[in-house]
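Observations on the model geometry
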Amino acid sequence: MNRIALVTLVVTDYDEAIRHYTDALGFRLVEDTPRPDGSRWVVLEPAGAPGGGTGLLLARARTDPQRDRVGDQTGGRVGFFLHTDDFAGAHARMRAAGVTFLEEPRHEPYGTVAVFQDLYGNRWDLLQPAAEA
């Protein structure tokens, strides 16, 4: 079986990114290991998906081209999808934590969804998938 285990997210600072993703977005820190070159191996995953979901590898930008991509890794499109089984609760908790939502929640055939921005401006969908028939 193959699966995508990690997706790299380029950030400006490890610690501020860890705080944002854990405190505001509800991720949990899986690993934070210093590397010999001064970087860190930082892995987060959505709470409630231990070992089964795709994790985020936070990579600190080290070059100008990498710094230019922070917050715009997908050219302004929604590039990340955070699924929940409690949209109302997750939405309220994230708003209370200061997360910027770019729209009001809407109901689509595929589920309840709202676009939000992370700390750096990357666009995400908060999505509660519709129940399968």
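Notes on the structure follow. Everything quoted here is computed from the prediction, not taken from an experiment. (Residues numbered from 1 in each chain as written. Predicted model: local features only at pLDDT ≥ 70, side-chain atom pairs only at ≥ 80, totals over all residues. Heavy atoms only, no water.)

**Remarks on the side chain of Asp 125**
The residue Asp 125 is located in strand β9 (residues 123-129) in this model. With residues near it in sequence (within four places) discarded, Asp 125 still touches Val 78, Phe 80, Phe 81, Leu 82, Val 113, Ala 114, Val 115 and Phe 116. (Helix = DSSP H or I, 4+ residues; strand = E, 2+ residues; numbered from the N terminus. Contact = heavy atoms within 4.5 Å.)

**Remarks on the pattern of salt bridges**
Tallied over the entire structure, the rule returns eight salt bridges. For Asp 32, the salt bridge goes to Arg 40, with nearest N and O atoms at 2.7 Å. In this structure, Arg 67 and Asp 64 form a salt bridge, with 3.0 Å as the shortest nitrogen-oxygen distance. Here the residue Arg 67 and the residue Asp 64 both occupy positions in helix α2 (residues 64-69), the gap between them amounting to three residues, near one helical turn. Accessibility expressed as a relative area gives 51% for Asp 64, which makes it exposed. (Salt bridge = Lys/Arg side-chain N within 4 Å of Asp/Glu carboxyl O. Buried < 20%, exposed > 50% of the residue type's maximum accessible area, 1.4 Å probe, protein only.)

**Side note on the nonpolar core**
Core analysis: the largest hydrophobic core is formed by 28 residues, its most contacted members being Tyr 21, Leu 25, Phe 27, Leu 58, Phe 116, Trp 124 and Leu 126. Going through the elements one at a time, β1 (6-11), α1 (14-24), β3 (40-46), β4 (55-60), β5 (78-83), α3 (87-96), β8 (111-117) and β9 are the ones with two or more residues in this core. Here the element with the most residues in this core is α1; it accounts for five residues. (Core = buried A, V, L, I, M, F, W, Y, C linked by side-chain atoms within 4.5 Å.)

**A closer look at α3**
Every buried residue belonging to α3 is among Phe 87, Ala 90, His 91 and Met 94, and all of these are buried. What you see down the axis of α3 is that its buried residues fit within an arc of 100°, all on one side. Exposed side of α3, more than 90 degrees from the buried face: Ala 88 and Ala 96 are the residues found there. On the buried face of α3, the contacting elements are α1, β6 (100-101), β8 and β9. Once α3 finishes, Gly 98 follows within two positions and takes phi at roughly 95°, a positive value. (Arc of directions from axis to C-beta.)

**Overview of the sheet that holds β4**
Sheet architecture is open: four strands sit in the order β1-β4-β3-β2, paired in mixed fashion. Strand pairing shows two members of the sheet lacking a second neighbour, β1 and β2 (27-34), which therefore form its edges. The average undirected angle you get between the axes of adjacent strands in this sheet is 25°. (Pairing = 2+ DSSP bridges. Axes fitted to C-alpha atoms, helices over the stretch in contact; angles between N-to-C directions.)

These values are about where atoms sit, not about what they do.
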